[in-house]
Amino acid sequence: MPDTTSSTELLEKRIGANWSHLTAARVLATRKKEELRDGLRGLDSADTSIVVSGSLARDEFTNGSDIDWTLLIDGEADPRHYDVAGKIRGVVDQIAGKPTGSEGTFSAMVFSHDLIHEIGGEDDTNRNTTRRLLLLLESTAVGREDAYQRVVRNILNRYLLEDRGFWKGSQYRVPRFLQNDFARYWRTMAVDFAYKLRRRSGKGWAIRNIKLRMSRKLIYVSGLLACYRCHMDYSPEEWQAIAQSPDRQKQVVDYFSEVFHATPIEIVSDVLLRYPHLDVAADKILGSYNAFLGILADDGQRNHLESLSEGHAEQDSLFQCARGLTHEYRDGLLAVFFDTRSGIDNLTKNYGVF
């Protein structure tokens, strides 16, 4: 039988760590997704997929998590889609026990046209960008995957087909069009953090601050490393052969579809597994993230951070503890992204900075 041990588990074993909160979150996420598949059976079709994102798709689900979902439609518009979305909402609300966010980005019908065709420009709204990039970085279909797989592949086709430098003459085999959109999304999340706090009069400042520094940053980190992976996985000779192949587009879309099939934490762990000399940094990154999930999994600690105001945060011991985790996490990431021995530093200088 094939080895089903995850990259994160292999890394945990090699380091000799105990990331029990990561394991518990992954187990709970698997159970919740099975519940959703059973409850939503028959509500999807060849033209529609029920897609979850957020902590559930990242396999970081805790008892305090909500369930973000969309009815992804890749076909003819049908008035009955509205009724299907209502049925989905009823099932999800029963299983989740907690409503989704108030911005309306999730818990909705989403058509594939704008996700695929509106990349950049004034019609590519924050909401459209968020839906498109989270479809790549932290999503999974619960049930039929026909529409989901088509849309993901067509989005990747857009990014790769129109990236001239990716195919010709670049020293590094990194898809800059795609990577730039990940960078744009990360900066958008950071700016929207301030916008949402003002709109909500500061409510939830502490928990949102920690999430921005941990789980939201993880999304960007995984996207950046996923783009680096192509350079890491192919030698110049191998890449030249692919670039000159008549079916090069399909080969590379197949490759990136497989890369993005992994969760963000798995994408990070897969890269870290390649470089044992980065085990200290890996332990900082995964260890702090494990502790962060432990806070979210504890109802008392999570509720405390959700109600803590910015004015009281500096004197609050729990917030200061969580803040310390964000610093450890940051230091581990800096050690990886500016590591000279692996060559990741050159990729970061050329793509993460300039």
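Preceding block: the structure.
Keep in mind that what you see is a predicted model, and the values were worked out from it rather than measured.

Further remarks concern the overall build of the protein. Tallying secondary structure elements over the protein gives 18 helices and four strands in all. A globule of 354 residues ought to have a C-alpha radius of gyration of about 20 Å, and the protein, at 20 Å, matches this closely. Counting only C-alpha atoms and orienting by the principal axes, one finds that the protein spans roughly 55 × 55 × 50 Å. For the protein, buried positions account for 53% of its 354 residues. Nonlocal contacts in the protein, meaning residues at least 24 apart in sequence, comprise 75% of its contacts between residues at least 6 apart.

Read from one edge of the open sheet, four strands run β3-β2-β1-β4, paired in mixed fashion. The sheet terminates laterally at β3 (108-111) and β4 (139-141), the two strands that pair on one side only. Within this sheet the neighbouring strands show an average axis-to-axis angle of 35 degrees, counted without direction. Pairing of strand β1 (residues 48-53) with β4, which is carried by three bridges, proceeds in the antiparallel orientation.

Before going further, it helps to examine the side chain of arginine 229. Checked against the element boundaries, arginine 229 lands in helix α10 (residues 205-233). Given the relative accessible area of 13%, arginine 229 is considered buried. When residues no more than four places from it in sequence are discounted, the contact partners of arginine 229 are Tyr255, Val259, Asp270, Val271 and Arg274.

Now for the nonpolar core. Soluble globular proteins: nonpolar side chains tend toward being buried together. In this structure, Leu135, Leu136, Phe182, Tyr228, Trp239, Phe256 and Tyr289 are the most contacted members of the largest nonpolar core, which totals 91 residues. When residues no more than four places from it in sequence are discounted, the contact partners of tyrosine 289 are Leu22, Arg58, Glu60, Met214, Ser215, Leu218, Ile265 and Tyr329. By size, the runner-up hydrophobic cluster in this structure holds 21 residues, among which are Ala29, Leu43, Leu71 and Val92.

With that settled, consider the packing of aromatic side chains. Here the structure, examined in full by the defined rule, presents 16 aromatic pairs. Note on phenylalanine 166 and phenylalanine 256: the rings are 6.4 Å apart at their centroids and 55 degrees apart in plane angle, and the pair reads as tilted. On the criterion of sequence distance, the pair formed by phenylalanine 166 in helix α8 (residues 164-167) and phenylalanine 256 in helix α12 (residues 248-261) is long-range, its members being 90 residues apart. Since its relative accessible area comes to 2%, phenylalanine 166 is described here as buried. Three or more aromatic residues joined by ring pairs form one cluster here, namely Phe166, Trp167, Phe182, Tyr234, Trp239, Tyr255, Phe256 and Phe260. Above the face of the tryptophan 167 ring, arginine 248 is positioned so that its terminal group lies 4.2 Å from the ring centre.

Okay, the side chain of lysine 217 next. Mapped onto the elements, lysine 217 comes out in helix α10. Buried charge without a partner: lysine 217 forms no salt bridge, and the closest opposite charge is aspartate 331, 8.8 Å away. Setting aside residues up to four positions removed in sequence, lysine 217 forms contacts with Trp186, Lys211, Leu212, Tyr329, Arg330 and Leu333.

Quick look at the pairing of strand β2 (residues 68-73) now. Counting buried positions over the six residues of β2 gives six, a clear majority of the element. Of the two faces of β2, the one carrying Asp68, Thr70 and Leu72 and the one carrying Trp69, Leu71 and Ile73 are both buried. Pairing analysis gives six bridges linking β1 to β2, with the strands arranged antiparallel. Its bridge partner lying in β2, serine 49 is registered against leucine 72. As paired strands, β2 and β3 are joined by four bridges and run parallel to one another. Bridge pairing in β3 links leucine 71 to methionine 109.

This part takes up the pattern of salt bridges. Following the criterion strictly, the structure yields 26 salt bridges and no others. As a salt-bridge pair, aspartate 74 and arginine 150 come within 2.7 Å of each other at their nearest N and O atoms. A residue pair is termed long-range when its members are at least 10 positions apart, and aspartate 74 in the loop between β2 and α4 (80-96) and arginine 150 in helix α7 (residues 146-161) qualify at 76 residues. By relative accessible area, aspartate 74 is classed as buried at 17%. Between aspartate 254 and arginine 153 there is a salt bridge, with the nearest N and O atoms lying 2.8 Å from each other. Note that aspartate 254 is positioned in helix α12 and arginine 153 in helix α7, a separation of 101 residues in sequence. Taking the relative accessible area as the measure of exposure, aspartate 254 reaches 30% and is therefore partly exposed.

Moving on, we come to the layout of surface pockets. Reported here for the second largest pocket is a volume of approximately 740 Å³. In terms of lining residues, the second largest pocket is bounded by 35 residues, among which Asp59, His261, Ala262, Thr263 and Glu266 are the most central. Elements with a contribution of two residues or more to the lining of the second largest pocket: α1 (7-15), α2 (20-40), β4, α7, α12 and α13 (264-273). Sort the elements by how many residues they give to the lining of the second largest pocket and α2 lands first, with six residues. Residues of the lining of the second largest pocket, tallied by class, amount to eleven nonpolar, ten polar and 14 charged.

Rules used in this analysis
Residues numbered from 1 in each chain as written. Predicted model: local features only at pLDDT ≥ 70, side-chain atom pairs only at ≥ 80, totals over all residues. Heavy atoms only, no water. Helix = DSSP H or I, 4+ residues; strand = E, 2+ residues; numbered from the N terminus. Rg over C-alpha atoms; globule rule 2.2 N^0.38 Å. Buried < 20%, exposed > 50% of the residue type's maximum accessible area, 1.4 Å probe, protein only. Contact = heavy atoms within 4.5 Å. Pairing = 2+ DSSP bridges. Axes fitted to C-alpha atoms, helices over the stretch in contact; angles between N-to-C directions. Core = buried A, V, L, I, M, F, W, Y, C linked by side-chain atoms within 4.5 Å. Phe/Tyr/Trp six-rings, centres within 6.5 Å; stacked < 30°, edge-to-face > 60°. Lys NZ or Arg CZ within 6 Å of the ring centre and 35° of its normal. Lys, Arg positive; Asp, Glu negative; His and termini not counted. Salt bridge = Lys/Arg side-chain N within 4 Å of Asp/Glu carboxyl O. 1 Å grid on protein atoms, 1.4 Å probe; cavity = no way out; pocket = protein on both sides within 12 Å on 5 of 7 lines; lining within 4 Å. Points joined across faces, edges and corners; volume = space filled by probe spheres on them. Nonpolar A, V, L, I, M, F, W, Y, C, P; charged D, E, K, R; others polar.

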